[in-house]
Amino acid sequence: MDMFNRFNKYKDDFNKYRGEFESMRNRGQRLIGRGSRTTTRKERKNPFAGLAKQDYKSIVEECQKNGCLFEDPEFLAVDESVFYSKTGRKFKWMRASEIVDNPKWVSDGASRFDVKQGELGDCWLLAAVASLTCNQVLFEKVVDTSQNFEDNYCGVFRFNFWHEGEWKEVVVDDRLPTYYDQLVFMHSADKKEFWSALLEKAYAKLMGSYEALKGGSTSEAMCDFTGGVTEMFDLQKAPPNLLRIMLKAHERGSLMGCSIDADPNTVEARLTNGLVMGHAYSITNVCLADIKTPKFEGQIPMVRVRNPWGNEAEWKGAWSDGSREWSLLSQDEKDELGLTFSDDGEFWMSFQDWSTHFQKLEICNLGPDSLEEEDVCNKKKWECYKESSEWVKGHSAGGCRNFLDSFATNPQFRMTLTDPDDDDDDDMCTALVAVLQKDRRKKRKEGLDLMTIGYVIYKVEDESSGPLDVRYFKYNASVAKSPTFINMREVCGRHKLPPGTYAIIPSTFEPHFEGKFLIRIFTEKPNVSGELDQQTSLIEDDGRGPGRVKKPAPPAEPTEAERAQADALRETFRRVAGEDMEIDAYELREILNAVFTRHFKFDGFGIDTCRSMVAMHDGDLSGKLGYEEFKELWDDLRKWKGVFLKFDKDHSGNLSSYEMRDAMTEVGFKVSNACRMSLVKRYANRDNQIEFGDFILCVIRLKTMLKTYRSFDPDRRGCAQFSPDEFIQSTMYS
């Protein structure tokens, strides 16, 4: 019994000391610098959660003030940051100093051989990273090499990515997902080097999770590393000067990648020639190698390709590692090419073999001035225009040209080409158009993926015109379009067009798909680009309509039935108005609802609508209408009723948000894109339909507000000045 009691006492002591040890390990007593590997207790509030902005310098100051290491509250060290769609093994998040002793940021310079793929299917990203290391200037911009794990180490590292039009700093802590204390995803060949693993983490944070990086196009990451414009080539339909394009791209430091279409039945199927289908490769060199033999002297175009796996999976044909073709080159030429034979994933191919066996080429040009394909280098930079916009269901998500009725509602952008290219014999202008859909990877966890997008270009004769309408698209053909409608993040095309004004219409393939996008337009010569829009106004104020929009015609002569109705209306007015011959909003509602509820299935005009009707014609602000004022209102209502019936093509008793646009023009308004969106949001129902009563209320209020604005801007300066009381009175009483 004594032995049993002693055993229990030892066991209790062991559990007590083990608990104290665990408590000490998790207590967060860490030193800033080397040698400390403990982590803070989860119960302690993260001091970085309150930072208004994740600024690198602010985080460092916070770490030094609190004597702690950075723990990123925006990208938590939890399994959900890795995989959002499944649960499986649990990852252990460890700092670099917990994985190895004396970790390094960049060891002996960054190299394309540093990057090794982990278990994540993001070879497209690795191919771009390998290409990035070949350009030191670009690498320094993305990866700040001055960082380290020694001097003022705070557990925070920063990267720079071009994100949707702007360069953005992304900070991360150095806690990385591991399994059995080994890195799971991207890593360097040198186990002590961590820039590549943390680069992948920063990119995963930008996109929402590690899982969001599965599957993609090398051009996507190339664009985010450079802010450049990516062109894609189908090697089966390649232009005849493709080699020259690639040589010039390599000379300018452009990033390039290539791939073979995937086998639908096998993931990354290996071919007998050593190449892998559905796998992203990076191109690390393009050159003309000198060959000199007793029988032949000349040059052969060569392409150096790298498999991001970094192993023996290499090309096995001519010019592969150790092949006899290399005997045709002198030792000096081999040294010039930096030729080595090892199972490092990198290999050479002749341009002919490369273009035969690969199917896709992606070139990310490092700026508009690097897009030249001619021999002479143009020292002038290209003109650049960029604009963010969005497709909104019920307002501006009109789909492609196949959906004619809604296509015109897509955002439209004007491009005016002034002068032909200097070296163009046909007096043509070069324009490159790129449309990028925003944040789709981040939304994968919501079940959303890349939309199928493209664009169409039309010639515009009237430079002062507003957005093109349905009639224009019905009778005019496009002059250019995107290479295809495709479900890629960015679609890009190069076009040769004569000087003139053009309208570019980006769209999704089908209507009603929502998303934000960025359009970029590059031209050699100065251009005038911007969104095709118009200022909200009454067309009658202009004296003429803009472009295709004409001043609305006066109301048609009333029919016999309408005359009889007008006579009856006059008698009704006299009966309701009484001796003063004026009616208020309540009396107006009684008159109008007795008529309009016979023709439309709606609950009748509400009192607010009738108040707005009174306000529109109440010149003396009496709150009432005399018969002449009422008659003017009645003529307006008769005209608006006719417009509503004209555009209610399906006789549903409602206008779609797309029909609303043309109806407002017919009524007599020019409406800007922003104003049109506000009107739809304010007056449409859940199904984006505008009922008759809401249509009338919308027209009345818009007309009243524009007339009020005009009265405060008599000189047509485009700027009206209101006192607070005047503003409240004019907007409240409408």
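Below you will find a few notes about this structure. (Residues numbered from 1 in each chain as written. Predicted model: local features only at pLDDT ≥ 70, side-chain atom pairs only at ≥ 80, totals over all residues. Heavy atoms only, no water.)

## Quick look at empty space enclosed by the protein
Okay, so step 1: Summed over all chains, the structure comprises eight cavities of 30 Å³ or more.
Okay, so step 2: Of the volumes computed, that of the largest cavity is approximately 80 Å³.
Okay, so step 3: In this structure, the largest cavity is lined by 14 residues; those nearest its centre are M207, D439, R440, R441 and R489.
Okay, so step 4: Split into classes, the residues belonging to the lining of the largest cavity amount to four nonpolar, two polar and eight charged. (1 Å grid on protein atoms, 1.4 Å probe; cavity = no way out; pocket = protein on both sides within 12 Å on 5 of 7 lines; lining within 4 Å. Points joined across faces, edges and corners; volume = space filled by probe spheres on them. Nonpolar A, V, L, I, M, F, W, Y, C, P; charged D, E, K, R; others polar.)

## With respect to the pattern of salt bridges
Proximity of charged atoms lets side chains of opposite charge pair with each other.
Okay, so step 1: For the coordinates displayed, the defined rule picks out 25 salt bridges.
Okay, so step 2: A salt bridge links K90 to D79, with the nearest nitrogen and oxygen atoms 3.6 Å apart. Of this pair, K90 sits in the loop between α2 (56–66) and β1 (92–95) while D79 sits in the loop between α2 and β1, and the two are eleven residues apart along the sequence.
Okay, so step 3: When the shortest N-O distance is used, the salt bridge between K631 and D635 registers 3.2 Å. A residue pair is termed a helical-turn pair when its members lie 3 or 4 positions apart in one helix, as K631 and D635 do in helix α17 (residues 627–647) at four residues.
Okay, so step 4: Among the residues examined, K631 registers a relative accessible area of 29% and is labelled partly exposed. (Salt bridge = Lys/Arg side-chain N within 4 Å of Asp/Glu carboxyl O. Helix = DSSP H or I, 4+ residues; strand = E, 2+ residues; numbered from the N terminus. Buried < 20%, exposed > 50% of the residue type's maximum accessible area, 1.4 Å probe, protein only.)

## Quick word on the environment of L198
Okay, so step 1: Along the chain, L198 turns up in helix α6 (residues 195–207).
Okay, so step 2: Residue L198 is classed as buried on the basis of its relative accessible area of 0%.
Okay, so step 3: Each C-alpha atom, one on L198 and one on D173, is 8.4 Å from the other, the two residues being 25 residues apart in sequence.
Okay, so step 4: Every residue in contact with L198, bar those within four places of it in the chain, is listed here: W105, F149, F157, F159, V172, D173, D174 and L176. (Contact = heavy atoms within 4.5 Å.)

## A word on the packing of helix α15 (residues 585–596) against helix α16 (residues 607–617)
Okay, so step 1: Between α15 and α16, whose axes approach to 9 Å, the crossing angle comes to 105 degrees. Compared by their axis directions, α15 and α16 come out roughly perpendicular. Facing α15, whose interface residues are A585, Y586, L588, R589 and L592, α16 presents I607, C610, R611, M613 and V614.
Okay, so step 2: Along the lines of polarity and charge, the residues of the contact of α15 with α16 split into eight nonpolar, no polar and two charged. (Axes fitted to C-alpha atoms, helices over the stretch in contact; angles between N-to-C directions. Parallel < 35°, antiparallel > 145°, perpendicular 65-115°, else oblique.)

## What about the sheet that holds strand β10 (residues 280–292)?
Okay, so step 1: In space, the six strands of this open sheet follow the order β8-β13-β9-β10-β11-β12, with antiparallel pairing throughout. Two strands lie at the open edges of the sheet, namely β8 (229–234) and β12 (346–350), each paired on one side alone. In this sheet, neighbouring strand axes are inclined to one another by 35 degrees on average, regardless of whether the strands run parallel or antiparallel.
Okay, so step 2: Where strand β11 (residues 297–306) lies against β12, five bridges are found, and the strand directions are antiparallel. Bridging across to β12, R304 finds its partner in W348.
Okay, so step 3: Strands β9 (255–259), β10 and β11 of the sheet are contacted by helix α4 (residues 123–132), whose axis makes an angle of about 45 degrees with β10.
Okay, so step 4: Against the sheet, helix α7 (residues 218–226) contacts β8, β9, β10 and β13 (360–365), and its axis sits at roughly 10 degrees relative to β13. (Pairing = 2+ DSSP bridges.)

## Side note on the nonpolar core
Okay, so step 1: Counting residues in each nonpolar core, the largest one holds 54 residues, and the members touching the most others are L125, F159, F161, W195, Y203, Y210 and F225.
Okay, so step 2: When contributions to this core are tallied by element, the ones reaching two or more residues are α4, α5 (136–142), β3 (156–163), β4 (166–173), α6 and α7.
Okay, so step 3: Among the elements that take part in this core, α6 stands out by supplying nine residues, more than any other.
Okay, so step 4: With near-sequence residues (within four places) excluded, Y210 lies in contact with F75, S81, V82, W93, L120, L176, P177, F185, E200, K201 and A204.
Okay, so step 5: Of all hydrophobic cores here, the second largest spans 52 residues; its members include L569, I591, V671 and V699. (Core = buried A, V, L, I, M, F, W, Y, C linked by side-chain atoms within 4.5 Å.)

## Side note on unusual backbone geometry
Okay, so step 1: In this structure, D439 is a non-glycine residue whose phi angle is positive, near 55 degrees.
Okay, so step 2: Tracing the chain through its elements places D439 in the loop between β16 (429–437) and β17 (453–460).
Okay, so step 3: Taking the relative accessible area as the measure of exposure, D439 reaches 27% and is therefore partly exposed.
Okay, so step 4: Unlike most non-glycine residues, H512 shows phi in positive territory, near 75 degrees.

## Thoughts on the packing of aromatic side chains
Okay, so step 1: The full count for this structure, using the stated rule, is 48 aromatic pairs.
Okay, so step 2: Plain terms: the ring middles of W326 and W348 are 6.3 Å apart, the flat faces sit at 75 degrees to each other, and that makes the pair edge-to-face. With W326 in the loop between β11 and α9 (331–337) and W348 in strand β12, this pair connects stretches of sequence that are 22 residues apart. Across the pair, exposure class does not vary: W326 and W348 are buried alike.
Okay, so step 3: With centroids separated by 6.3 Å and ring planes inclined at 70 degrees, the aromatic side chains of Y458 and Y472 adopt a geometry described as edge-to-face. Of the two residues, Y458 sits in strand β17 while Y472 sits in helix α12 (residues 470–475), which places them 14 residues apart along the sequence.
Okay, so step 4: For Y458, a relative accessible area of 2% puts it in the buried group. (Phe/Tyr/Trp six-rings, centres within 6.5 Å; stacked < 30°, edge-to-face > 60°.)

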